[in-house]
Amino acid sequence: MTEAILLVGGKGTRLRPLTVNTPKPMVPAAGVPFLTHQLARARAAGVDHIVLATSYLAEVFEPYFGDGSALGLHIEYVTEEEPLGTGGAIRNVASRLHSAPDEPVLIFNGDILTGLDIGALVRTHEESGADVSLHLTKVDDPRAFGLVPTDATGRVTAFLEKPGTPEEIVTDQINAGAYVFRRSVIDTIPTGRPVSVERETFPGLLSSGAHLQGMVDSTYWLDLGTPQAFVRGSADLVLGRAPSPAVPGRCGDSLVLPGASVAPDAKLTGGTVVGEGARIGEGARVTGSTILSGAVVGPGAVITDSLIGEGARVGARAALSDAVIGDGAQVGADNELRDGARVWCDAVLPSGAVRFSSDQ
């Protein structure tokens, strides 16, 4: 296997305001665009040709990655004029593939952080003779996911919608968002209309008698669809809990990028990232958070499990927990934001405007 398709066209609506100015795969995680980690892991698994299926803010990708040669890859870009869904996006880029009809093509979603053994998935595909092989992972609470039961040999037996009752939970296995397709199967996906690979392509293949093989790999797996998950994923990359050859530095409690300024008595822990040109003031405490390039955290501020957007400013003594501050926003001194609060890009909060405690 030398080819892959990366689905990076989603709007990332659950991640707003992070994705107002930046497509989801280009939001920095552990110091580089998240997509960089996926590309680097694919390259490490032997992939050398990747087609990016783009749509939302498609113009951002190519100026950053170019032809992919800096990563040892050949990257091509295909832009959907209208969103086509996961299956439609795969079919839309098929003409750029060079693989023979029976050869495997790796396909993965652009919002999953995983420690998947890609080589093992490909071997499972080849040894089982499957038409499509799926990475499956086990979750403690499968109610929020579609279920994928398999038989004793790993062959997929059904694709089940999100369970509504305890009786409908027949397995803890879910679709983890990485697949190996036999090249010829891609050409069976309808063209020119939206197609969901999860809701239409896979169930249709199964009902037609195709062989769909599941491989359970329960190493690190995280869907980065929410701000909280994205912040956690970045921290896990820095801490070394999630594997990636693209982290620009040694794993540890924090990652401070070139040009950043951190006061000597500031404390950075829990996988915190401080982006290029960002500034952390005296006595500030930043835990498990991402501070993007050019952002400023004022003296005495306490930032926990939060993301501060590019060029944003957080004032002195502000306390943020599980919050997202959009690019260019200003949070005045002594504000308290927590529990999923989102401040939109370029918004301005005056000092002490939002509090959960007395001002005394």
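This section reports on the structure supplied with the text.

For the rest of this paragraph, the subject is the overall build of the protein. Looking only at helices and strands, the protein features seven helices and 28 strands. Against the compact-globule benchmark of 21 Å for 360 residues, the protein has a radius of gyration of 22 Å, which places it among compact chains. Dimensions of the protein along its principal axes, counting C-alpha atoms only, are 70 × 50 × 35 Å. Residues counted as buried form 54% of the 360 residues belonging to the protein. Counted over contacts in the protein with a minimum sequence separation of 6, partners at least 24 positions apart contribute 53%. As displayed, the protein offers around 15,000 Å² of accessible surface, 49% of which is attributable to carbon and sulfur atoms. Mean positive and mean negative side-chain charge positions of the protein (28 and 42 charges, respectively) differ by 4 Å.

For the bond from Arg 16 to Pro 17, the omega torsion is 15°, close enough to zero to count as cis. Topologically, Pro 17 is positioned in the loop between β1 (3–7) and β2 (28–29). Within the chain, Ala 30 stands out as a residue other than glycine whose phi angle is a positive 55°. By secondary structure assignment, the location of Ala 30 is in the loop between β2 and β3 (32–33).

With that settled, consider the side chain of Arg 183. By secondary structure assignment, the location of Arg 183 is in helix α5 (residues 183–186). Of the polar contacts made by the side chain of Arg 183, one reaches the backbone oxygen of Ala 94; its length is 3.2 Å. What Arg 183 contacts, discounting residues up to four positions off in sequence, is Ala 94, Leu 97, Ser 99, Ala 100, Pro 101, Glu 103 and Val 105.

Our focus in this paragraph is the sheet that holds strand β14 (residues 267–269). Pairing in this open sheet of five strands is parallel, and the strands run β14-β17-β20-β23-β26 from one edge to the other. In the strand order of this sheet, the two ends are held by β14 and β26 (336–338), each with one partner. Along the sheet, successive strands turn relative to each other by an average axial angle of 5°, direction set aside. Sheet topology note: the strand β20 (residues 302–304)/strand β23 (residues 319–321) ladder contains three bridges and is parallel. In the strand pairing of β23, Ile 303 is matched with Leu 320.

Bringing the pattern of salt bridges into the picture now. Inspection of the entire model under this criterion finds 14 salt bridges. If you follow the salt bridges from partner to partner, you end up with Asp 102, Asp 131 and Arg 182 in one network.

The next subject is the sheet that holds strand β28 (residues 348–349). Pairing is parallel across the open sheet formed by six strands, whose spatial order is β13-β16-β19-β22-β25-β28. The open sheet terminates on both sides in strands that have one partner only, identified here as β13 (261–262) and β28.

We now examine the packing of helix α3 (residues 85–92) against helix α6 (residues 197–207). Between α3 and α6, the shortest axis-to-axis distance is 7 Å and the interhelical angle comes to 70°. Between α3 and α6, the angle falls in the class roughly perpendicular. Each of Thr 86, Gly 87 and Ile 90 in α3 lies in contact with α6, whose residues at this interface are Val 197, Glu 198 and Thr 201. By residue class, the composition of the contact of α3 with α6 is two nonpolar, three polar and one charged.

Okay, the packing of aromatic side chains next. Scanning the entire structure with this criterion turns up seven aromatic pairs. Judged by centre distance (5.0 Å) and plane angle (75°), the rings of Tyr 179 and Phe 202 are edge-to-face. With Tyr 179 in strand β9 (residues 173–182) and Phe 202 in helix α6, this pair connects stretches of sequence that are 23 residues apart. Both residues of the pair, Tyr 179 and Phe 202, belong to the buried class. Feature note: the residues Phe 159, Tyr 179, Phe 181 and Phe 202 constitute an aromatic cluster, connected by ring pairs.

Residues Ile 5, Ile 107, Phe 181, Ile 186 and Phe 202 are the most contacted members of the largest nonpolar core, which totals 28 residues. Elements that contribute at least two residues to this core include exactly β1, β4 (49–54), α3, β6 (104–109), β8 (132–138), β9, α5 and α6. Leave out the neighbours within four places in its chain, and Ile 5 touches Val 51, Ile 90, Val 93, Leu 97, Val 105, Leu 106, Ile 107, Phe 108 and Ile 186.

About the thresholds
Positions within a chain are numbered from 1, following the residues in the order the chain's sequence is written. Given that this is a predicted model, residues contribute local features only at a pLDDT of at least 70 and side-chain atom pairs are listed and counted only at 80 or more, while totals for whole chains, interfaces and linings are drawn from all residues. Excluded from the side-chain calculations are hydrogens and water; all other atoms, namely the structure's heavy atoms, are used. Under the scheme used here, helices are H or I runs from DSSP no shorter than 4 residues and strands are E runs no shorter than 2 residues, and both carry numbers assigned from the N terminus. The quantity called the radius of gyration is restricted to C-alpha atoms. Its globule counterpart is 2.2 Å times the number of residues to the power 0.38. For every residue, the accessible area obtained with a 1.4 Å probe (protein chains only) is divided by the maximum for its type, and the residue is called buried under 20%, exposed over 50%, and partly exposed between those limits. In what follows, a contact means two residues having at least one pair of non-hydrogen atoms within 4.5 Å. Note that accessible areas follow from Shrake-Rupley with a 1.4 Å probe, and for residues the cover is restricted to the protein chains shown. Asp and Glu count as negative and Lys and Arg as positive, but His and the ends of the chain are not part of the count. Here the site of a charge means NZ on Lys, CZ on Arg, CG on Asp, or CD on Glu. A 3.5 Å cut-off defines polar contacts: any pair of N or O atoms within that distance qualifies, except that in protein one atom must be a possible hydrogen donor and the other a possible acceptor, and neighbouring residues in sequence count only when both atoms are side-chain atoms. The pairing criterion for strands is at least two bridges between them, as found by DSSP. Axis definition: a line fitted to C-alpha atoms, limited for helices to the stretch in contact. Angles are taken between N-to-C directions and run from 0 to 180 degrees. For this document, the term salt bridge refers to a Lys or Arg side-chain nitrogen within 4 Å of an Asp or Glu carboxyl oxygen. When an angle is under 35 degrees it counts as roughly parallel; over 145 it counts as roughly antiparallel; between 65 and 115 it counts as roughly perpendicular; any other value is oblique. Classes in brief: Ala, Val, Leu, Ile, Met, Phe, Trp, Tyr, Cys and Pro nonpolar; Asp, Glu, Lys and Arg charged; the others, Gly included, polar. Whether two aromatic rings pair depends on their centres lying within 6.5 Å, for rings of Phe, Tyr and Trp, where Trp uses its six-membered ring; planes under 30 degrees apart make the pair stacked, over 60 edge-to-face, and the rest tilted. Residue types Ala, Val, Leu, Ile, Met, Phe, Trp, Tyr and Cys, when buried and joined through side-chain atoms within 4.5 Å, form a set referred to as a nonpolar core.

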